[in-house]
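Each chain is listed here by its residues.
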Amino acid sequence: EAQVTQNPRYLITVTGKKLTVTCSQNMNHEYMSWYRQDPGLGLRQIYYSMNVEVTDKGDVPEGYKVSRKEKRNFPLILESPSPNQTSLYFCASSRKPGQGFMNTEAFFGQGTRLTVV
Amino acid sequence: AQRVTQPEKLLSVFKGAPVELKCNYSYSGSPELFWYVQYSRQRLQLLLRHISRESIKGFTADLNKGETSFHLKKPFAQEEDSAMYYCALKLGSGNTGKLIFGQGTTLQVKP
């Protein structure tokens, strides 16, 4: 089954304790991205990656890091989490842009609800 | 600047009533627009895209370039349509294919 898998689904942590949220896709997609979802603000892109070893900042990258060592994985790293990073996080993947309009659908993970106290 | 605006945070209708979820966009290039839906405790999933001009679960959306709108419509709402709906704009291939989302509209269909 084609899917994007995030772990963990729920996480409560303390300020300053480094954490990683994993994301894996099995569709051989080149493009992957991380979003955070906050009430009234919709989804905002944190980071994205167009392929292995190619990453770039989205709209709200402060306090986050990513890596793309393999095509299927795109972990989100919070080196020193703070309470304002309490949010619902989604990973998404899609085919490389330009490969036809019908192939540009983004597939989303189940979400990770993070609480930083 | 590229932007997607969904003016309604909450839309509440009775079962059987028509529904229109509004979406306006700002983009100087050729837009590619989507509607995503998020049912309670589930992941976001694609509902429909403008390029395919399809009807999914009774929903349709027409791209109006003159009004820069992509409103989502359904003639008769069902209780199972209750969900959060996001309008999204995909920037062109020269812009990495980035998706820009609106703020989302919660649709509540009452029995």
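It should be noted that the structure appears before, not after, this text.
Residues numbered from 1 in each chain as written. Chains lettered and ligands numbered in written order. Predicted model: local features only at pLDDT ≥ 70, side-chain atom pairs only at ≥ 80, totals over all residues. Heavy atoms only, no water.

1. Notes on the side chain of Gln 45 of chain A
Inference 1: Mapped onto the fold, Gln 45 of chain A is located in strand β5 (residues 42-51).
Inference 2: Side-chain polar atoms of Gln 45 of chain A contact the side chain of Tyr 31 of chain A, separated by 3.4 Å. (Helix = DSSP H or I, 4+ residues; strand = E, 2+ residues; numbered from the N terminus. Polar contact = N/O pair within 3.5 Å; in protein donor to acceptor, adjacent residues only side chain to side chain.)

2. Quick word on the interface of chain A and chain B
Inference 1: At the interface, 26 residues of chain A touch 21 residues of chain B.
Inference 2: Here chain A and chain B share 0 salt bridges between them.
Inference 3: The interface formed by chain A and chain B includes 5 residue pairs in polar contact (both at pLDDT 80 or more).
Inference 4: Mapped by element, the contributors of at least two residues to the side of chain A that touches chain B are β4 (31-38), β5 and β9 (87-94) of chain A.
Inference 5: Sorting elements by how many residues they give to the side of chain A that touches chain B places β5 of chain A first, with 5 residues.
Inference 6: Split into classes, the residues belonging to the side of chain A that touches chain B amount to 14 nonpolar, 10 polar and 2 charged. (Contact = heavy atoms within 4.5 Å. Salt bridge = Lys/Arg side-chain N within 4 Å of Asp/Glu carboxyl O. Nonpolar A, V, L, I, M, F, W, Y, C, P; charged D, E, K, R; others polar.)

3. Remarks on the environment of Lys 18 of chain A
Residues and elements named next belong to chain A.
Inference 1: In this fold, Lys 18 is placed in the loop between β2 (10-13) and β3 (19-25).
Inference 2: Placed 23 residues apart in sequence, Lys 18 and Leu 41 show a C-alpha to C-alpha distance of 25 Å.
Inference 3: Residues contacting Lys 18, with those up to four places away along its chain left out, are Ile 77, Leu 78, Glu 79 and Pro 81.

4. Considerations on the nonpolar core
Inference 1: Ranked by size, the top nonpolar core spans 27 residues in total, and within it Trp 35, Leu 72 and Tyr 85 of chain B carry the most contacts.
Inference 2: Going through the elements one at a time, β2 (10-14), β3 (19-21), β5 (32-38), β6 (45-49), β9 (83-90) and β11 (105-110) of chain B are the ones with two or more residues in this core.
Inference 3: Dropping the residues within four chain positions of it, Leu 72 of chain B is found in contact with Val 19, Glu 20, Leu 21, Trp 35, Leu 47, Leu 48, Phe 59, Thr 60, Ala 61 and Tyr 85 of chain B.
Inference 4: By size, the runner-up hydrophobic cluster in this structure holds 19 residues, among which are Leu 19, Met 27, Leu 76 and Leu 78 of chain A. (Core = buried A, V, L, I, M, F, W, Y, C linked by side-chain atoms within 4.5 Å. Buried < 20%, exposed > 50% of the residue type's maximum accessible area, 1.4 Å probe, protein only.)

5. Concerning the environment of Lys 96 of chain A
Residues and elements named next belong to chain A.
Inference 1: On the secondary structure map, Lys 96 appears in the loop between β9 and β10 (107-108).
Inference 2: Classification of Lys 96 as partly exposed rests on a relative accessible area of 41%.
Inference 3: Once the C-alpha coordinates of Lys 96 and Tyr 31 are considered, the two residues, 65 residues apart in sequence, prove to be 5.7 Å apart.

6. Concerning the state of the cysteines
Inference 1: Using the criterion set out here, one finds 2 disulfides over all chains in the structure.
Inference 2: Residue pairing for Cys 23 of chain A: its cysteine sulfur links by disulfide to Cys 91 of chain A, the two sulfurs lying 1.9 Å apart. Here the disulfide of Cys 23 of chain A and Cys 91 of chain A is left-handed, its torsion about the S-S bond being about -75°. Of this pair, Cys 23 of chain A sits in strand β3 while Cys 91 of chain A is found in strand β9, placing the two residues 68 residues apart along the sequence.
Inference 3: Judged by relative accessible area, which is 2%, Cys 23 of chain A ranks as buried.
Inference 4: A disulfide bridge connects Cys 23 of chain B with Cys 87 of chain B, and the sulfur atoms are separated by 2.0 Å. Where Cys 23 of chain B bonds to Cys 87 of chain B through sulfur, the torsion about that S-S bond is close to -65°, and the disulfide is left-handed. Taken as a pair, Cys 23 of chain B in the loop between β3 and β4 (24-26) and Cys 87 of chain B in strand β9 lie far apart in primary sequence, 64 residues in all.
Inference 5: Classification of Cys 23 of chain B as buried rests on a relative accessible area of 0%. (Disulfide = S-S within 2.5 Å.)

7. Some thoughts on the sheet that holds β3 of chain A
Strand pairing in a sheet relies on backbone hydrogen bonds. The paired strands run either parallel or antiparallel.
Inference 1: If you trace the 4 strands from one edge of the open sheet to the other, you get β1-β3-β8-β7 (chain A), paired in antiparallel fashion. Two strands bound the open sheet, and with one partner strand each, they are β1 (4-7) and β7 (65-66) of chain A. (Pairing = 2+ DSSP bridges.)

8. Regarding the sheet that holds strand β7 (residues 60-61) of chain B
All names here are of chain B.
Inference 1: One open sheet holds the 3 strands; their spatial order is β3-β8-β7, and the pairing between them is antiparallel. The outermost strands of the open sheet, each flanked by one partner alone, are β3 and β7.
Inference 2: Note: β3 against strand β8 (residues 72-74), 3 bridges, orientation antiparallel. For Leu 21, the partnering residue across the bridge sits in β8 and is Leu 72.

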